[in-house]
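Per-entry structural report
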Amino acid sequence: SAAECRIACWLEMEKLYFEGRIRAIGVSNFTVAHLEHLISDPRTTVMPHVNQIEVHPLFPQKKLREWCAAQNIVVMAYASLGQGREELLEHKEVLRAAKIIGCTPAQALLAWGLSKGMAVIPKSGSGEARLSENMAARGWVPKSVGHEHEQEETYSAFKSGMLILDGIVAVG
């Protein structure tokens, strides 16, 4: 079964972890049910360090992110820019947030993910210039962002000067 395959694969990764050949082990595209099954199996002893999942403002996966946070599992967001979906990079709120904070729409989206405490891994087929631009997104994340600001209401203003525009973080 698929569930047994996941457990067998995990047990092999645990061996590598205990041998010191790898520093962390994780999963990809695991749901809460998958994770619960994995950690409740009596043969497994290591909690996943990372769950790599698709996350962006149009697909926030808030319940899964909250569950992972409660278990100290880092969420690594792939497709942070919406998997090349033009509608996300050109979404009016993304454009507005980017204008407010003086960055590109891609940087605004990456800052949104970082502000939610996720590791973000944007795809960049455009070489070093795009990678540098993506890395600059770290500068747009306010230091005071925390779980108390997890609400994603339209145009909610916070003391830190941060606005959340339909789930897009803008720092003003």
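Think of each chain on its own: its residues are numbered from 1, step by step along the sequence as written. pLDDT decides what is reported in this predicted model: residues at 70 or higher carry local features, side-chain atom pairs at 80 or more are listed and counted, and totals for whole chains, interfaces and linings draw on all residues regardless. Excluded from the side-chain calculation are hydrogens and water; included are all heavy atoms of the structure.

1. Some details on the pairing of strand S3 (residues 74-78)
- Side chains Val-75 and Ala-77 of S3 all project onto a buried face; the interleaved residues Val-74, Met-76 and Tyr-78 project onto a face where none is buried.
- Two strands make a pair as long as DSSP finds a minimum of two bridges between them. Secondary structure elements follow DSSP: runs of H or I of four or more residues count as helices, runs of E of two or more count as strands, with numbering from the N terminus. Bridging between strand S2 (residues 50-54) and S3 involves 5 bridges; their strand directions are parallel. Its bridge partner lying in S3, Gln-52 is registered against Met-76.
- Crossover connection from S2 via helix H3 (residues 62-70) to parallel S3: handedness right-handed.
- In terms of strand pairing, S3 meets strand S4 (residues 119-121) through 3 bridges, oriented parallel. Following the sheet pairing, Ala-77 is matched in S4 by Val-120. Any residue under 20% of the maximum accessible area for its type is buried, any over 50% is exposed, and the rest in between are partly exposed; the area is computed with a 1.4 Å probe on protein chains only. With its strands directed away from the observer, a crossover is right-handed exactly when the path from the first strand over the helix to the second travels clockwise.

2. So, the environment of Leu-35
- Counting through the fold element by element, Leu-35 comes out in helix H2 (residues 32-40).
- In this structure the C-alpha to C-alpha distance between Leu-35 and Arg-6, which are 29 residues apart in sequence, comes to 10.0 Å.
- Whether two residues touch is decided by their heavy atoms; if any such pair falls within 4.5 Å, the residues are in contact. Beyond its immediate chain neighbours, meaning those up to four positions away, Leu-35 contacts Val-27, Phe-30, Pro-48, Asn-51, Leu-64, Trp-67, Cys-68 and Ile-73.

3. Some thoughts on H3
- Along H3, the residues classified as buried are Leu-64, Arg-65, Trp-67 and Cys-68. Viewed along the axis of H3, the buried residues span an arc of 160 degrees, placing them on a single side of the element. Along H3, the residues that are exposed and aim more than 90 degrees away from the buried face are Lys-63 and Ala-70.
- Looking at the buried residues of H3, the elements they touch are H2, S2 and S3.
- Note on H3: the residue one or two positions beyond its end, Asn-72, has a positive phi of about 60 degrees. The arc in question is traced by the directions running from the helix axis to the C-beta atoms.

4. Regarding the packing of aromatic side chains
- Here a pair means two rings of Phe, Tyr or Trp (six-membered ring of Trp) with centres within 6.5 Å. Their orientation is stacked below 30 degrees between planes, edge-to-face above 60, and tilted elsewhere. Across all of its chains, the model carries 1 aromatic pair by this definition.
- Measuring from centroid to centroid gives 5.7 Å for Tyr-17 and Phe-18, while their planes differ by 65 degrees, and the two rings are edge-to-face.
- The rule is short: NZ of Lys or CZ of Arg within 6 Å of the ring centre and within 35 degrees of the ring normal puts a charge over the ring. Sitting above the plane of the Phe-30 ring, Arg-6 keeps its charged end 5.9 Å from the centroid.

Functional significance is not addressed by these values, which are geometric in nature.
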